[in-house]
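Examining the three-dimensional arrangement
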Amino acid sequence: PTSAQFSVVPHSGRFRYTLDNDLLTTEQRQFYEDNGYLLIKKLVSDEDIERFRKEFTRICKREVKPPGVMIMKDESLKSQFGQSEKVVNKVQDFQEDEELFRYCTLPEVLKYVECFTGPNIMAMHTMLINKLPDSDKQTFLHPMHQDLHYFPFRPASRIVCAWTAMERAHQDNGCLVVQPGTHKTTLKPHGYPEWEDKTNKLFHGLLDEDEKIPKVHLVMEKGDTVFFHPLLIHGSGINRTSGFRKSISCHFASSECHYIDVKNTTQEHLEKELEEMVRKKYNASSVELKDIWNFRARLVQGERINL
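Let me begin by describing the structure that accompanies this report. As the structure is a computational prediction, the values presented were derived from the model and not from experiment. Counting restarts for each chain, with residues numbered from 1 along the sequence as it is written. In keeping with the model being predicted, local features are shown solely for residues with a pLDDT of at least 70 and side-chain atom pairs are shown and tallied solely at 80 or more, while totals for entire chains, interfaces and linings include all residues. The side-chain quantities take in all heavy atoms of the structure and omit both hydrogens and water.

**Things to note about the overall build of the protein**
To qualify as a helix, a DSSP run of H or I must reach at least 4 residues; to qualify as a strand, a run of E must reach at least 2; elements of each kind are numbered from the N terminus. Looking only at helices and strands, one finds seven helices and 16 strands in the protein. Each residue is placed in one exposure class: buried if its accessible area under a 1.4 Å probe, protein chains only, is under 20% of its type's maximum, exposed if it is over 50%, and partly exposed if it falls in between. For the protein, with 307 residues in total, the buried portion stands at 57%. Contacts were defined at the residue level, with two residues in contact if any of their heavy atoms lie within 4.5 Å. Relative to all contacts within the protein whose residues are 6 or more apart in sequence, the contacts with residues 24 or more apart total 81%. Within the structure as shown, the protein displays about 14,000 Å² of accessible surface, and the carbon and sulfur contribution to it stands at 48%. A 1.4 Å probe and the Shrake-Rupley method give the accessible areas. Residues count as covered only by the protein chains that appear here.

Structural data, given as structure tokens:
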């Protein structure tokens, strides 16, 4: 569903999750306030998407090696396909790849981001997802989760994800699934789901999922972009087709957000896992969560204040 398909009666009083601006209609703002997401049709051009697709292929083939980028693969397919996009599930932290990072600086994307973050905008977390066709051996189902689980900065209402479909996303190829309104809840405990041999590194999910909350499958065309709140519960289904379902995304935050200490919180075990991964990758003796995020973060508009 898009905001245009709903008749929404605007509430009186202050909006909590969107900032005053001249871009969003009252209906669009109210839809985001009520549901925690907003879908904008045909926001990113076919030309830009084609450029991102080409750069992704170059990264998969190791023709370019951007510093800091994390390439997540299905190792079981490597002997069959070698260095190709047929084994890569995700390219993460592409903030140092100028071609992919263009996504985070597109004026048509940033003008919407500003409605949620304000004018000082940081790109905090970048991903190009290449959902592989599913097989009996593994699955690229991403369990229902809240993105705030991964982020040691607040306030949540000044963080937003922009997620753009690079081709048609639908139920058969594992489109996004959201639980509207769940952005109004608190951050819930996450961990690895109890799926035998089917968990992907850092693909944490809700430990206690409420099946009664209705789910909406976000069917999106190429170039459609959804903006959503970091507490919105969402996930994606299995890709049952023979093709690859690509999307590109960035989590943006106001540079006025601040880091928090996640010790003794539901996020503490994630902190340990992430720090260990980075220590191994860079052979570092000690690393802190804040350092990891400082490295990932990049200013895209305005002034860098806290983050």
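**With respect to the side chain of E55**
Here E55 lies in helix α2 (residues 46-60). For E55, a relative accessible area of 6% translates into the label buried. When near neighbours in sequence (up to four residues on either side) are disregarded, E55 contacts V64, D97, E99 and L100.

**Regarding the packing of aromatic side chains**
Two rings from Phe, Tyr or Trp (for Trp, the six-membered ring) form a pair when their centres sit within 6.5 Å of each other. Planes less than 30 degrees apart are called stacked, planes more than 60 degrees apart edge-to-face, and all others tilted. If you walk through the whole model with that rule in mind, you get nine aromatic pairs. Judged by centre distance (5.5 Å) and plane angle (90 degrees), the rings of F151 and W293 are edge-to-face. Of this pair, F151 sits in the loop between β5 (142-145) and β6 (153-154) while W293 sits in helix α7 (residues 289-296), and the two are 142 residues apart along the sequence. Overall, F151 belongs to the buried group, its relative accessible area being 2%. The class of W293 is buried, set by a relative accessible area of 1%. Throughout this description, the term charge over a ring refers to an Arg CZ or Lys NZ atom that lies within 6 Å of the ring centre and within 35 degrees of the ring normal. Over the face of the ring belonging to W293 we find R296, whose NZ or CZ atom lies 4.6 Å from the ring centre. Positioned over the ring face of F101 is R298, at 4.1 Å from the centre of the ring.

**Concerning the environment of A253**
Counting through the fold element by element, A253 comes out in strand β14 (residues 245-254). It is 9.5 Å that separates the C-alpha atoms of A253 and A297, two residues lying 44 residues apart in sequence. The contact partners of A253, leaving out residues within four places of it in the chain, are T117, N120, I121, M122, M124, F153, R158, I159 and L307.

**Describing the nonpolar core**
Formed by 56 residues in total, the largest nonpolar core has its most connected members in Y103, V109, F227 and F252. Element by element, the count of residues in this core is highest for helix α5 (residues 107-117), at six residues. Residues within four places of V109 in sequence aside, it is in contact with L43, V44, Y103, A162, F227 and F252. Here the nonpolar core consists of buried residues drawn from Ala, Val, Leu, Ile, Met, Phe, Trp, Tyr and Cys, with membership extended through side-chain atoms lying within 4.5 Å. Core analysis: the next-biggest nonpolar cluster, separate from the first, contains 22 residues, M122, M124, L231 and A253 among them.

**Observations regarding the environment of D22**
For D22, the location among the structural elements is in the segment before α1 (26-35). A C-alpha to C-alpha distance of 8.9 Å links D22 and C115, two positions 93 residues apart in sequence.

**Details of the sheet that holds strand β13 (residues 234-236)**
What makes two strands pair is DSSP finding at least two bridges between them. On the basis of which strands lie adjacent, the open sheet formed by four strands has the order β5-β13-β8-β11 and antiparallel pairing. Either end of the sheet is taken by a strand with one partner, and the two such strands are β5 and β11 (216-217). Taken together, the three bridges between strand β8 (residues 176-178) and β13 define a ladder with antiparallel strand orientation. Opposite V178, over in β13, you have H234 as the bridge partner.

**Section: unusual backbone geometry**
In this structure, the amide linkage connecting R154 to the following residue, P155, adopts the cis form with an omega of 5 degrees. Mapping P155 onto the fold places it in the loop between β6 and β7 (159-165). The backbone of K42 shows a phi angle near 45 degrees, a positive value even though the residue is not glycine. As for its placement among the helices and strands, K42 is situated in the loop between β1 (37-40) and α2. Classification of K42 as exposed rests on a relative accessible area of 52%. Here the phi dihedral of D93 falls at roughly 60 degrees; this positive angle occurs in a residue that is not glycine. Within the fold, D93 resides in the loop between β3 (88-92) and α4 (98-105).

**Let's talk about the packing of α2 against α4**
Between α2 and α4, the least distance of the axes is 9 Å, while the angle of their chain directions is 145 degrees. The hand of the α2/α4 crossing is left-handed. Contacts between α2 and α4 pair D48, R51, F52, E55 and I59 from the former with E99, L100, R102 and Y103 from the latter. Here the residues of the contact of α2 with α4 sort into four nonpolar, no polar and five charged. With axes taken as lines fitted to C-alpha atoms, and helix axes fitted only over the stretch in contact, angles between N-to-C directions fall between 0 and 180 degrees. Here is the rule for handedness: rotate from the far helix to the near one, and if that takes an anticlockwise turn smaller than a right angle the crossing is left-handed, while a clockwise turn gives right-handed. Residues are grouped as follows: Ala, Val, Leu, Ile, Met, Phe, Trp, Tyr, Cys and Pro are nonpolar; Asp, Glu, Lys and Arg are charged; every other residue, Gly included, is polar.

**Side note on the state of the cysteines**
The criterion for a disulfide is a pair of cysteine sulfur atoms lying within 2.5 Å. Evaluated as defined, the whole model comprises zero disulfides. Take C104: it sits in no disulfide, and the sulfur closest to it among the cysteines is that of C250, at 3.6 Å.

**A word on the packing of helix α6 (residues 268-282) against α7**
At a closest axis distance of 9 Å, the pairing of α6 and α7 adopts a crossing angle of 65 degrees. Put simply, α6 runs roughly perpendicular to α7. Handedness of the crossing formed by α6 with α7: left-handed. Counting all contacts with α6, which are made through E271, L274, E275, V278 and Y282, the residues of α7 involved are L289, I292, W293, F295 and R296. For the contact of α6 with α7, a count of residues per class yields seven nonpolar, no polar and three charged. If an angle is under 35 degrees, it is roughly parallel; if it is over 145, roughly antiparallel; if it lies from 65 to 115, roughly perpendicular; otherwise it is oblique.

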